[in-house]
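Structural characterization, general
Each chain, written out:
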Amino acid sequence: MASLSNLKEIPSVSSPTSVGHGYSYVPELDQYPKINLKNELINPSANRISISHSFIPVETESVPKRISRTFFDGGFWESLTEARSEKTREQAPVISKAADFIAHMLDLYSSFKLKIFPHTQQLSAERIAQYAETRDWINSSVRYIAWHVHVFKLAVAGMDDVVRIYGKTTENHGGIGHVLKSATQTQITCMAWRPLCAFELVVGCSQGLCFWIIDNNLHLGRTINPSYTLKHPSNLPISSLKWSKDGSLLASSSIGDRAILIWHPDSKRVKPLKRLGPPGSLLSWSPNNEWIFAATVDRVFRVWKCHNKWTSDRWVCDGGNVQACCWSPCSRFLLFVNTADPILYRLQFVQLILMKSKADDKEVLPVADLNACSLDSSNQTFIGGTAQQLVWDPHGKYVVITFKSTNSIAIFRTYIQKYDLQISGGYYLNGQSPSEYPSFISFQPLNKDNDRSVLTIGWSTGRIQFYGLD
């Protein structure tokens, strides 16, 4: 079984900028954008667009007119707040009393609804962060990174609920493209570009699924509203989403709902996959489109068979919940970690393909020991512990792991054979300072613009680093 004690320090980065170069200098990485969200998040309030800021308030407008304007600008709840404000109480006490009565009735309705349907309670940010793939999701400058499958497009979500789209850097273009911001896009937890489509991005957040159609012919700048949104009342907030291989189906899960929703975005239809058990926390669609791995907030996880009437195999961890998982590029192996013990586990699907075996025939095997160990003789720097995130490179040569409480990144070598998987020690990677840690990691997919394994790291300092692995 592989161990962190066998890792070596990866060759030092040859460039001090946010773009990192791996074992040898890679000229292509010079065209990758230089990104540091900290610079753009210094004054988040300055980036927010409010329609009310575009107009000069009129002091002589009547109370009904002011409430109506607030309704069209900010919605029902904002107008109700305005109707109960001190200014309205002085000018129109009858309207304020009516607003107080409406608010009281709505509170009674909400409390009654929570007693009947406790799962509809709005979940706190702390609860969302507990199951998010991003480390320290609440305070992280980088909340999610999503590469386009076919072209050079990188979407980066920040803690200000803004999604920034980046392309290649040229002499005449710095790489930054569209900036996506909307009042319906809050507490972003996940994103994914639609396969076989160059312009569509879906963002999962506390208010549902926001679909953005990004037309390159439009001028660069901020887009106020998504093209359309999809949501289910009980499936909020969105905790994870994944597209099918051909982009016709979208799977989503929520830590507030035990059902997995299979969306048909083009027809706006949805099919729930329901089973008894805890709510869902994490989804991962296999590259060959055959299975969906679905973790929950408890010990239970399932593997759904997409082409067998959506049947599933049920598994139970010894303790904790599944925190992260990743498929091999060939879809024959799946690696995952849980929150109870620092072990990397393997689930093998080779027998399932060859013999159509039952669930009892498949085994979950430990393949790597992730217990924390020291990287130096002075015991100043440690690596390991409970894992935060797993990613497998598109060539199937490396598995990269980040951790919840230690700041180094572990890189294991993987050797995929026809019926077996071997894992051995590789390298570890540190940030620019001992306190800097990886918030989110992702590999750039292989396409006509990229044929190597480029690890994308969103650091806690807000910088994005690109590291080319041989």
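Residues numbered from 1 in each chain as written. Predicted model: local features only at pLDDT ≥ 70, side-chain atom pairs only at ≥ 80, totals over all residues. Heavy atoms only, no water.

**Considerations on the overall build of the chain**
Defined as follows: What counts as a helix is a DSSP run of H or I of at least four residues, what counts as a strand is a run of E of at least two, and both are numbered from the N terminus. Pairs of residues are marked as contacts when any of their non-hydrogen atoms sit within 4.5 Å.
Within the chain one finds eight helices and 33 strands. Long-range pairs, those at least 24 residues apart, make up 50% of the contacts in the chain with a sequence separation of at least 6.

**Details of the sheet that holds strand β20 (residues 311–316)**
This is how the line gets drawn: A pair of strands is considered paired only if DSSP assigns at least 2 bridges between the two. Under this scheme, a helix contributes an axis fitted over its contacting stretch, all axes are lines through C-alpha atoms, and angles between N-to-C directions fall in the 0 to 180 degree range.
With antiparallel pairing, four strands are arranged side by side in an open sheet as β17-β18-β19-β20. Two strands in the sheet have a free side with no partner beyond their single neighbour: β17 (280–285) and β20. Looking at each pair of strands side by side, their axes are set apart by 20° on average, direction ignored. Sheet topology places strand β19 (residues 300–305) next to β20; six bridges connect them, and they run antiparallel. Considered in β20, the bridge of Val300 is made with Val316.

**A short note on the packing of aromatic side chains**
For clarity, the cut-off: Side-chain rings of Phe, Tyr and Trp, where Trp is taken by its six-membered ring, are said to pair if the distance between their centres is within 6.5 Å; with planes under 30 degrees apart they count as stacked, over 60 as edge-to-face, and otherwise as tilted. Ring-over charges, as used throughout, are those where CZ of Arg or NZ of Lys falls within 6 Å of the ring centre and within 35 degrees of the ring normal.
One pass over the structure, following the stated rule, counts 19 aromatic pairs. Pairwise contacts between aromatic rings join Phe293, Phe301, Trp315, Phe336 and Tyr345 into one cluster. Here Arg143 stacks its cationic end above the ring of Trp137, 3.9 Å away from the centre of that ring. The ring of Tyr228 carries the charged tip of Lys268 above its face, separated from the ring centre by 4.3 Å.

**Thoughts on the side chain of His148**
Stated precisely, the cut-off is as follows: Residue exposure (1.4 Å probe, protein chains only): buried if accessible area is under 20% of the type maximum, exposed if over 50%, otherwise partly exposed. In protein, a polar contact requires one atom able to donate a hydrogen and another able to accept it; more generally it is a pair of N or O atoms within 3.5 Å, and residues adjacent in sequence count only if both atoms are side-chain atoms.
Here His148 shows up in the loop between β4 (142–147) and β5 (154–158). Under the relative-accessibility criterion, His148 is labelled buried at 1%. Within the structure, His148 has its side chain in polar contact with the backbone nitrogen of Val151 (distance 3.5 Å). A polar contact of 2.8 Å, which involves the side chain of His148, links it to the backbone oxygen of Cys197. Each residue touching His148, except ones within four places of it in the same chain, is listed here: Lys153, Trp193, Arg194, Cys197, Ala198, Pro445 and Asn447.

**A few points about the side chain of Gln389**
Within the secondary structure, Gln389 sits in strand β27 (residues 387–392). On the basis of relative accessible area, Gln389 is assigned to the buried category, the value being 2%. For Gln389, the side chain forms a polar contact with the main-chain oxygen of Ile441, separated by 2.9 Å. Contacts of Gln389, omitting those with residues within four sequence positions, involve Glu133, Ala324, Val400, Ile401, Thr402, Ser439, Phe440 and Ile441.

Any functional reading would require information that these geometric values do not contain.
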